[in-house]
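# Report on the structure
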Amino acid sequence: MSVKLLKYIVSNSCIRSRVHNMKYMSTVNNDKPIKVTFNKANGDKIIAEGKKGDSLLDVIINNNLDFDGYGACEGTLTCSTCHVILDSKDYDALPDKPSDEELDMLDLAYNLTDTSRLGCQIILEEKLDGLEVKVPATVNDARYN
Amino acid sequence: MRWRYLSHSIRKYSKDANGFQVGIVGAGPAGFYCAQQLLKKIPGCQIDIYERLPVPFGLVRYGVAPDHPEVKNVINTFTKTASNENIRFIGNVSLGCHITLAQLKHSYNAVVLAYGADEDRKLNIAGENVSNVVSATKFIGWYNGLPADKNIKVDLDVEHAVIVGQGNVALDVARILLSPVDELRKTDITEYSLEALTQSKVKKVTLVGRRGPLQVAFTIKELREMLKLPGVSTHFFENQMNDIDKVINDLPRPRKRLMQLMYDASQKTEVRNKLFDILFLRTPISILGTSKIEGIELAVNHLEGERAVVTDEKYTLKCELAFRSIGYRSVQADPDIPFDKMSSTVPQSTGVYSVGWLSSGPVGVILSTMSNAFQAATLIGQHFDKGLLGERKPGYDYISKILEDKGIITVDWNGWMKIDKVEVERGIKHGKPREKIVDIDEMLQIGGILK
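Analysis parameters
- Residues numbered from 1 in each chain as written.
- Chains lettered and ligands numbered in written order.
- Predicted model: local features only at pLDDT ≥ 70, side-chain atom pairs only at ≥ 80, totals over all residues.
- Heavy atoms only, no water.
- UniProt positions renumbered as here; feature names shortened; annotations may be inferred.
- Helix = DSSP H or I, 4+ residues; strand = E, 2+ residues; numbered from the N terminus.
- Buried < 20%, exposed > 50% of the residue type's maximum accessible area, 1.4 Å probe, protein only.
- Contact = heavy atoms within 4.5 Å.
- Areas by Shrake-Rupley, 256 points an atom, 1.4 Å probe, with all protein chains shown as cover.
- Buried area = accessible area lost by both parts, 1.4 Å probe.
- Salt bridge = Lys/Arg side-chain N within 4 Å of Asp/Glu carboxyl O.
- Polar contact = N/O pair within 3.5 Å; in protein donor to acceptor, adjacent residues only side chain to side chain.
- Axes fitted to C-alpha atoms, helices over the stretch in contact; angles between N-to-C directions.
- Left-handed = near helix turned anticlockwise from the far one by under 90°.
- Nonpolar A, V, L, I, M, F, W, Y, C, P; charged D, E, K, R; others polar.
- Core = buried A, V, L, I, M, F, W, Y, C linked by side-chain atoms within 4.5 Å.

The name that an unreviewed UniProt entry assigns to chain B is NADPH:adrenodoxin oxidoreductase, mitochondrial, with the source organism given as Acyrthosiphon pisum. You can read under Cofactor (unreviewed entry) in the UniProt record for chain B the words "FAD".

Per an unreviewed UniProt entry, chain A goes by the name ACYPI001632 protein and belongs to Acyrthosiphon pisum. Under the UniProt heading Subcellular location (unreviewed entry), the note attached to chain A is "Mitochondrion".

Now the structure itself:
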C-alpha cells in the first residue's frame, strides 16, 4: 500500500471529527522533529528536539534543559535571560527580523552581539533543522561557569 | 573510622539532607535566585528564608509596576523553588528587630543578607518637608499596597507634577500618573489608589535630571511605553535635544538606540491632552512654598565630561506636587553587619554573604540581580567545598525558640498560600488578578502561626 493511499484512508476515517483530523495532521504531517544545538558558555553542547511552531525557549522548557535563569519572564519580552547568539548566516536566514521591543530587551543583555536574538522569539520551522546557537553566560562575569 | 568517613561522604554527596544550614534574610528576587542556585551547588542543604513582611517576593510584589504583570512571572519560578522540601519560608521576622546577626551566625553555616535597599535618597534642600513633596519609593509602595506606605499623603488634585530623577522608577511614577485609569483597573493596583488616581487632575509631569540626554538612567522599554501612552505627548525643553543626532552614530548600540528614540520623539510637535516633559541639566536648590509646594528652584548645570557642574543661573519651575526619585540606599539592619558606609553595601566574607542590591548597590534590572545572586551562591558553594563552613549548626531549631519566646507570629509557605488565595478571590470581585491585603494584622490572621 502506498503512503499516499494510507494517508487517504486515515484522513477519511478521521474526517468526521475535526479534532481527530487536526490531531492526525499534527502527529503525522508536521511533527517531524527539528533538531537544535545549544552551545553553552561553559563548553557544554546540548542537542535537543522541538517541533514546528515551538520557540527556542519552548524547546528548552519541554526538554527540561537546565539553563540557569533562562526565560525568567516566560517569553513575554520583559527580560533578556533567553539571549542566544547565532551565526550571521543563520541570523539573516530567520524569517522574522527582531521587533523594536525585542531589541529593547536585547540592549540590556550581557555579551550583546549584532547577531543576538531572544530565544523566545525564534520560532522553529523545518528549514531551521540543525540550527546551532550560542548561549552566553547568564551572568556578567567571566569567572562564573 | 570507616563509619566516620562514610558519613562524611554521605553528607557531602547525598541528595538527602547534608546538615548544611543556610539562612537567607529577605524573600525578594535576590534571596530566591540565591536559594535556587544553592540547591544546585550544595545538594541537600537546608535553606531558611526570612522575610520582614508576612508575604514573599519583595520588590517583585511591591516595586514592579502593576501595569507590568509580565515582569512578575518570575514569581512562578520562585514558587517552584519554595516548594522544594529543603526550603523553608519564615515571614514576619525582621533582622535587627526580632533576631540578630549573631543569632543567625550561631544557627547557620552561611548567612545570606538579601534585604535590599529600601531607604530613598533625600534631596537635602530647603523646603523638602513641605506638603506634597513625596518620595517616589513611597508613592510606588502606596499604589502597590506596601503596608508601611498605605497611608502616605499625596494630593493629586493638582495639574502639574515634577519628578526629580531620570531613572526607571521616575518613569514608573510618570506613567502611573499619566496612564488612562481604565488601563490600570485590570491590574493588581490597590483599590484605594485606583480611586485616588480616578480623581487625579494631573495633566503635566516634568522629569528633571542633573545631567544631559546622554546620561539618562532609564531604559529604552520604559521610554517607548511613555511615547506610546494614549493621549500623552512627550516634549523636551529648550532644544535640549539639538545636536544629539550628531553623536548618536558613535555610541554603543544600547545607548545609540535609546538616543535615536529620544531624538525622534523630540522632533515631533503634536500636542495631546496630557503632557510629559523631560528637562535636563537642572539641580534642585530649594522647594518653594510655605506649607504646600508651589514650585522648585533649580540651578542650571553644564556638563564637564560626564559630570554636572552647577552654574549661577537659576530656573524656577512652578508645580503643586513633586516626587524625589534619585536612588535608594541600603541600611545597616544590625550593628554587627560588616556594612560599608561609603557605598552602603555589604562585602562578601566567609560565612556572611550579601546578594542583590545590598551587594551591588541599588541599580540594574532583574537580570543583574539574578546574575549577582548566582555568583554569591557559587562563592558559597566554593567555601563549602573547601570545608570553610564545616561546623555543625542548629539551624531553625535555635531561631524558632527565640521567636517562640518573644511571641512572634510567623507565616510559613502554607500561610502565604492562604493569603494568596484570599487576595486572588478578592481580586475577582473587581476584575483584577488580585486585591492585595495591605494590613499586616489581617495577613497574620489569615496565614499566621503562633507557637
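## A few points about the overall build of chain A
Scanning chain A from terminus to terminus reveals 5 helices and 5 strands. Listed N to C, the secondary structure of chain A is α-α-β-β-α-β-α-α-β-β in terms of helices and strands. For chain A, buried positions account for 43% of its 145 residues. Expressed as a percentage of contacts within chain A between residues at least 6 apart in sequence, the contacts between residues at least 24 apart total 61%. About 8,100 Å² of surface is accessible on chain A, with carbon and sulfur atoms providing 50% of the total.

## As for the interface of chain B and chain A
Facing the 25 residues of chain B at the interface are 29 residues of chain A. Of the roughly 2,300 Å² buried between chain B and chain A, counting both surfaces, carbon and sulfur atoms make up 55%. Residues Lys40(B) and Asp68(A) are paired through a salt bridge, measuring 2.3 Å at the closest nitrogen-oxygen approach. Along the contact surface separating chain B from chain A lie 12 residue pairs in polar contact (both at pLDDT 80 or more). Counting residues per element, the side of chain B that touches chain A draws most heavily on helix 14 (residues 366–385) of chain B, which supplies 7 residues.

## Details of the packing of helix 16 (residues 413–430) of chain B against helix 17 (residues 440–447) of chain B
All names here are of chain B. At a closest axis distance of 8 Å, the pairing of helix 16 and helix 17 adopts a crossing angle of 115 degrees. In the packing of helix 16 onto helix 17, the handedness of the crossing is right-handed. Where helix 16 approaches helix 17, its residues Gly-415, Lys-418, Ile-419, Val-422 and Arg-426 are matched on the opposing element by Glu-442, Met-443, Ile-446 and Gly-447. Partitioned by chemical class, the residues of the contact of helix 16 with helix 17 number 4 nonpolar, 2 polar and 3 charged.

## Concerning the nonpolar core
Core analysis: the biggest nonpolar cluster contains 52 residues, and Phe20(B), Tyr33(B), Ile47(B) and Ile380(B) have the highest contact counts within it. Residues in contact with Tyr33(B), not counting those within four places in the same chain, are Ala72(A), Val74(B), Phe78(B), Ile366(B), Met370(B), Ala373(B) and Phe374(B). Membership of the second largest hydrophobic core comes to 49 residues, among which are Phe139(B), Ile152(B), Leu171(B) and Leu223(B).

## Some remarks on the UniProt feature "binding site: FAD" (unreviewed entry) in chain B
Residues and elements named next belong to chain B. Here the UniProt-annotated "binding site: FAD" (unreviewed entry) positions come out as Ala-30, Glu-51, Leu-59, Leu-95, Trp-357, Gly-364, Val-365 and Ile-366. For this annotated set, covering 337 residues, the C-alpha atoms extend up to 25.5 Å from each other, a dispersed arrangement in space. By the element assignment, Glu-51 lies in strand 2 (residues 46–51). Looking at Glu-51, its side chain comes within polar contact range of the main-chain nitrogen of Ala-27, at 2.9 Å. Mapping Val-365 onto the fold places it in the loop between helix 13 (357–360) and helix 14. Look at Val-365 and you get partly exposed, because its relative accessible area is 33%.

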